[in-house]
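Residue-level listing of the chains:
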Amino acid sequence: MSISPQQTQSPTLDEKQPLDALVQSFASAGGDVAVLLDPNTAKLVVHQNRILRVHSVAGVRIEGAETSTGAEARIIVEPGVRLDRPVHLCFGVLPKEGLQEIVSEFEIGEGAYVRFIAHCSFPAAERVKHVMDAKIRLEPGADMEYTETHYHGPWGGVEVLPVAKIYLARGAIYRSVFKLTDGAAGRVHLDYEAFLDEAAVCELEAKVYGKARDHIYVKESIYLNGRGARGLAKTRIVASDECTSEVVGEIVGAAPEARGHVDCIEILKGKRARASAIPRLVVQDERAKLTHEAAIGSVDKKQVETLMARGLDEEQAVEVVVKGLLR
Amino acid sequence: MPSSESGAMPAGEAPLLRVEHISLVRGNTVILHDVNLEIERGEIRSILGMNGTGKSTLAAVIMGLSGYEPTGGRIYFEGEDITELPVWERARRGITLAWQEPARFEGLTVEEYLRLSQQFGRNGQLGPAECLSRVGLHPQRYLHRAVDDTLSGGERRRVELAAVLAMHPKLAILDEPDSGIDALSVELIVDVIRTLSRLGSAVLLITHHEEVAAVADRASSLCGGTILKTGDPAAIARFFRNHCQECTHVNKPAADAVAYLG
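Remember, it's a predicted structure, so these values are computed and weren't measured experimentally. (Residues numbered from 1 in each chain as written. Chains lettered and ligands numbered in written order. Predicted model: local features only at pLDDT ≥ 70, side-chain atom pairs only at ≥ 80, totals over all residues.)

1. Comments concerning the overall build of chain A
The condition is simple: Counting from the N terminus, the helices are DSSP H or I runs at least four residues long and the strands are E runs at least two residues long. We compute the radius of gyration over the C-alpha atoms and compare it with the globule rule, which gives 2.2 Å times the number of residues raised to the power 0.38. Put simply, a residue is buried when 20 or more other C-beta atoms lie within 10 Å of its own C-beta and exposed when 12 or fewer do; between those, it is partly exposed, and each C-beta is set from the backbone. Whether two residues are in contact depends on their C-beta atoms, placed from the backbone: they are in contact if these lie within 7 Å.
A count of helices and strands for chain A gives 4 helices and 20 strands. Over its C-alpha trace chain A gives a radius of gyration of 20 Å, about what one expects of a compact globule, namely 20 Å for 327 residues. Projected onto the principal axes, the alpha-carbon positions of chain A cover approximately 55 × 45 × 35 Å. Considering chain A as a whole, with its 327 residues, one finds that 50% of them fall into the buried category. Looking at chain A alone, contacts between residues at least 24 apart form 77% of all its contacts between residues at least 6 apart.

2. Describing the overall build of chain B
Counting secondary structure elements, chain B contains 10 helices and 10 strands. A buried classification covers 46% of the 262 residues belonging to chain B. The contacts in chain B between residues at least 6 apart in sequence include a share of 71% that link residues at least 24 apart.

3. A short note on the sheet that holds strand β8 (residues 113-122) of chain A
All names here are of chain A. We count it as follows: Between any two strands, pairing holds if DSSP finds at least two bridges. Lines are fitted to the C-alpha atoms to define the axes, a helix being fitted only along its stretch in contact, and any angle between axes, read from their N-to-C directions, falls within 0 to 180 degrees.
Taken together, the 10 strands give an open sheet; going across it, the order is β3-β2-β6-β8-β10-β12-β14-β16-β18-β20, and neighbouring strands pair in mixed fashion. One side of each edge strand has no neighbouring strand; the edge strands of this open sheet are β3 (50-55) and β20 (289-297). Between one strand axis and the next, the sheet turns through 5° on average, direction left out of account. Note: β8 against strand β10 (residues 143-152), 10 bridges, orientation parallel. Its bridge partner lying in β10, Ser121 is registered against Tyr151. Contacting β12 (173-182), β14 (201-210), β16 (230-240) and β18 (259-269), helix α4 (residues 314-326) runs over the sheet at an angle of about 145° to β16.

4. Some words on the sheet that holds strand β6 (residues 95-98) of chain B
Residue and element names in this part refer to chain B. Pairing within the open sheet is mixed, and its 6 strands lie in the order β6-β7-β8-β3-β9-β10. Of all the strands in the sheet, the pair left with one neighbour each is β6 and β10 (226-231). Taking the axes of each pair of neighbouring strands and ignoring which way they run, one obtains an average angle of 20° across the sheet. Where strand β9 (residues 218-223) meets β10, 5 bridges bridge the pair, whose relative direction is antiparallel. In the strand pairing of β10, Ser221 is matched with Lys229. Packing against the sheet, helix α1 (residues 55-63) makes contact with β3 (44-48), β6, β7 (171-175), β8 (202-207) and β9, and its axis sits at approximately 150° to β7. Contacting β3, β9 and β10, helix α9 (residues 233-244) runs over the sheet at an angle of about 25° to β9.

5. Digging into the packing of helix α3 (residues 301-308) of chain A against α4 of chain A
All names here are of chain A. Operational definition: Angles below 35 degrees are treated as roughly parallel, those above 145 as roughly antiparallel, those between 65 and 115 as roughly perpendicular, and all remaining angles as oblique. Crossing handedness follows the turn of the near helix against the far one: under a right angle anticlockwise gives a left-handed crossing, and clockwise gives a right-handed one. Three classes are used, and their members are as follows: Ala, Val, Leu, Ile, Met, Phe, Trp, Tyr, Cys and Pro are nonpolar, Asp, Glu, Lys and Arg are charged, and the others, Gly among them, are polar.
Relative orientation of the contacting elements α3 and α4 amounts to 120°, with a least axis distance of 9 Å. With respect to each other, α3 and α4 are oriented oblique. In the crossing of α3 with α4, the sense of the turn from one axis to the other is right-handed. Across from Gln303, Val304, Leu307 and Met308 in α3, the residues of α4 making contact are Glu314, Ala317, Val318, Val320 and Val321. When grouped by side-chain class, the residues that make up the contact of α3 with α4 number 7 nonpolar, 1 polar and 1 charged.

6. Description of the confidence of the model for chain B
Under the convention used in this document: Confidence of the predictor in every single residue is expressed as pLDDT, which spans 0 to 100.
Residue-level pLDDT values for chain B average 87, and 87% of them are 70 or greater. Across the assembled chains, the prediction reports ipTM 0.90 with pTM 0.85.

7. Notes on the pairing of strand β5 (residues 70-77) of chain A
Residue and element names in this part refer to chain A. With 7 bridges connecting them, strand β4 (residues 60-66) and β5 associate as antiparallel partners. Note that in β5 the partner of Ile62 across the bridge is Ile75. Linking β4 to β5, which pair antiparallel, is a turn of 3 residues.

8. So, the interface of chain A and chain B
Taken together, the 18 residues of chain A in the interface contact 22 residues of chain B. Elements that contribute at least two residues to the side of chain A that touches chain B include exactly α3 and α4 of chain A. A total of 7 residues in the side of chain A that touches chain B trace back to one element, the largest contributor, which is α3 of chain A. In the side of chain A that touches chain B, the residues fall into 7 nonpolar, 4 polar and 7 charged.

9. As for the nonpolar core
Selection criterion: A set of buried Ala, Val, Leu, Ile, Met, Phe, Trp, Tyr and Cys residues, joined through C-beta atoms within 7 Å, is what we mean by a nonpolar core.
Membership of the largest hydrophobic core comes to 179 residues, with the highest contact counts inside it found for Leu168, Ala194, Leu196 and Leu224 of chain A together with Met63, Ala162 and Leu205 of chain B. The leading source of residues in this core is helix α6 (residues 153-167) of chain B, at 8 residues. Filtering out sequence-adjacent residues up to four positions away, Leu224 of chain A remains in contact with Leu196, Ala229, Gly231, Ile251, Val252, Gly253, Ala254, Ala255, Ala258, Gly260 and Ala288 of chain A.

10. Side note on unusual backbone geometry
Residues and elements named next belong to chain A. With a phi angle near 60°, Ala199 is a residue other than glycine that sits in the positive phi range. Structurally, Ala199 is set in the loop between β13 (187-196) and β14. One non-glycine residue, Asp241, lies in positive phi territory at about 55°. For Asp241, a count of 14 C-beta atoms within 10 Å puts it in the partly exposed group.

11. Focus on the environment of Ala317 of chain A
Residue and element names in this part refer to chain A. Relative to the assigned elements, Ala317 resides in helix α4. Assessed through the 23 C-beta atoms surrounding it within 10 Å, Ala317 is described here as buried. Spatially, the C-alpha atoms of Ala317 and Asp241 are 18 Å apart, while their sequence positions differ by 76 residues. Setting aside anything within four residues of it in sequence, one finds Ala317 in contact with Val304, Leu307, Met308 and Leu312.

12. Points about the pairing of β3 of chain A
Along a regular strand, successive side chains alternate from one face of the sheet to the other. Residue and element names in this part refer to chain A. For β3, the tally of buried residues reaches 5 of 6 residues, placing the bulk of the element in the interior. Here strand β2 (residues 43-47) pairs with β3 via 5 bridges, running antiparallel. Bridge pairing in β3 links Val45 to Arg53. Count of turn residues in the β2/β3 antiparallel hairpin: 2 residues, of which Gln48 carries a positive phi of about 50°.

13. Structural notes on the environment of Gly171 of chain A
All names here are of chain A. Structurally, Gly171 is set in the loop between β11 (158-168) and β12. Residue class for Gly171 comes out buried when judged on the 21 C-beta atoms lying within 10 Å of it. Setting aside its immediate chain neighbours within four residues, Gly171 contacts Pro140, Gly141, Ala199 and Ala200.

14. Overview of the packing of helix α3 (residues 110-119) of chain B against α6 of chain B
Residues and elements named next belong to chain B. Where α3 contacts α6, the axes come no closer than 7 Å and their chain directions differ by 35°. Taken as a pair, α3 and α6 cross one another with a handedness that is right-handed. Contact residues: Val110, Tyr113, Leu114, Ser117 and Gln118 in α3; Val159, Ala162, Ala163, Ala166 and Met167 in α6. In the contact of α3 with α6, the residues fall into 8 nonpolar, 2 polar and no charged.

15. Focus: α4 of chain A
What counts is decided by this rule: Under the convention used throughout, the expected extent of a helix is 1.5 Å for every residue step, that is, one less than its residue count. What the arc measures is the spread of directions leading from the helix axis to the C-beta atoms.
In this model α4 of chain A runs 19 Å from its N-terminal to its C-terminal C-alpha over 13 residues, within 8% of the 18 Å that 1.5 Å per residue would give. When α4 of chain A is considered as a whole, its buried residues turn out to be Ala317, Val318, Val320, Val321, Gly324 and Leu325 of chain A. Down the axis of α4 of chain A, the smallest arc covering the buried residues is 155°, so these residues share one side. Elements that come into contact with the buried residues of α4 of chain A comprise β16, β18 and α3 of chain A together with α3 of chain B.

Below you can see the structure in the form of structure tokens.
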């Protein structure tokens, strides 16, 4: 089913139940429900392969089409549009089992400014696969923020596969935060690649809290192809219990005055948790400069003792450090 | 020459802190040797000493930090032996430590940090905004800042002092709060120490700045892991100026210094 861009679709009776449940799941995770119902907020709500709501606003066109396994979406922000309110994208699979593949294209016009807030809810997941395949193109001077927050149930039966290719034209700015810190992460395989032209700026950040037997793989690659392009690949992971975590932060400096930095912290909680970090810096122009820092280990002793000197016991102190890191 | 201190507390009342014959030896290195120290309620005590004489180690031992377990001696707080207690239990009894280079916390705001510090502190504390004002930081500008690398070293040290104020401890151990800061900030630190004292906290002040040490009721000189002398801050500062700053015998008291003290 294809839905025209200017249409605000009201849910039918059989759609209302999953919509309410998605909204409820979003609310219980601390989200502001009012924004999902606000007519002045652009949004796309997809449950499994059903588009429950799509709403465009002036300057932002959202087109959606259902597929057998999920949905295709095209989001176009007109040149020069500067949105005060973020665009909300709400995805989820409410049953214990299911597949959701979201294939999306974002086109952000020259000089436009837009924020996206994506919520992904899988509250009952025991065998759920969620694929996000995004192509994001920012025209010169465009500015986009994308925050994706996951709300998972406690069973760890989610496979999350976010893949994005991001193309930044001259002077464009892109910042993204992928956050999976509530519930059981399950199996996460994140793969983001960004290609930057002259003076473009890209910051990719991933925060994941792995528990039980979760497996987390994060790969963030930034190609600094234009003069003065700047990139930051930042990862914060806490791996507890028997969780395994692997982070690849990759930056290629291929232009004069390009600047890039890989910043990775992985904290291990538990003797059977495992973590690795692979920073990969490739300099193809002698005038580029790339740096990296990575820290893997238990929670910093000094941080813990500082909080203990204020009266928190060790467990409370570790929790404060971990929550702050993943905030 | 170990000192033996007897406080001026009323008969029958234990001093707030009593450090008794504390030693710390690592391998063949003596870091603290037979340290004796008593601090009264509300007293400001400064410890003067050159780098490497054991000042920060003494602070860590009193706070109970891991890796600083004494190899001899006992520590009493309000008459109770706390030598075996973990850091957090000592803190809940009213001891805290402000580090010379405080830890930084991603994702934790200054306000949250100060509120955490209040959680197990005493009644009658100052609010977070008031604490920041007392250390010369504008609350509106700093309450929502993160306690992370975006704060300068001086700002972070001031936030640490604010956290101590927020906790309102019975004993605040300040480890070189004046380290690497400008003259104006030194005045401010002296004000904060006085505020702590007015609010009823005792302060153990570790420093090698004479002007900061002068705020104390009593001062002690530490050399070679041993307290050489306790007395009037001006006299101890004079001794420090005349004997310690030219000192070439790190971690070993000089015979002439011992002789000078009689």
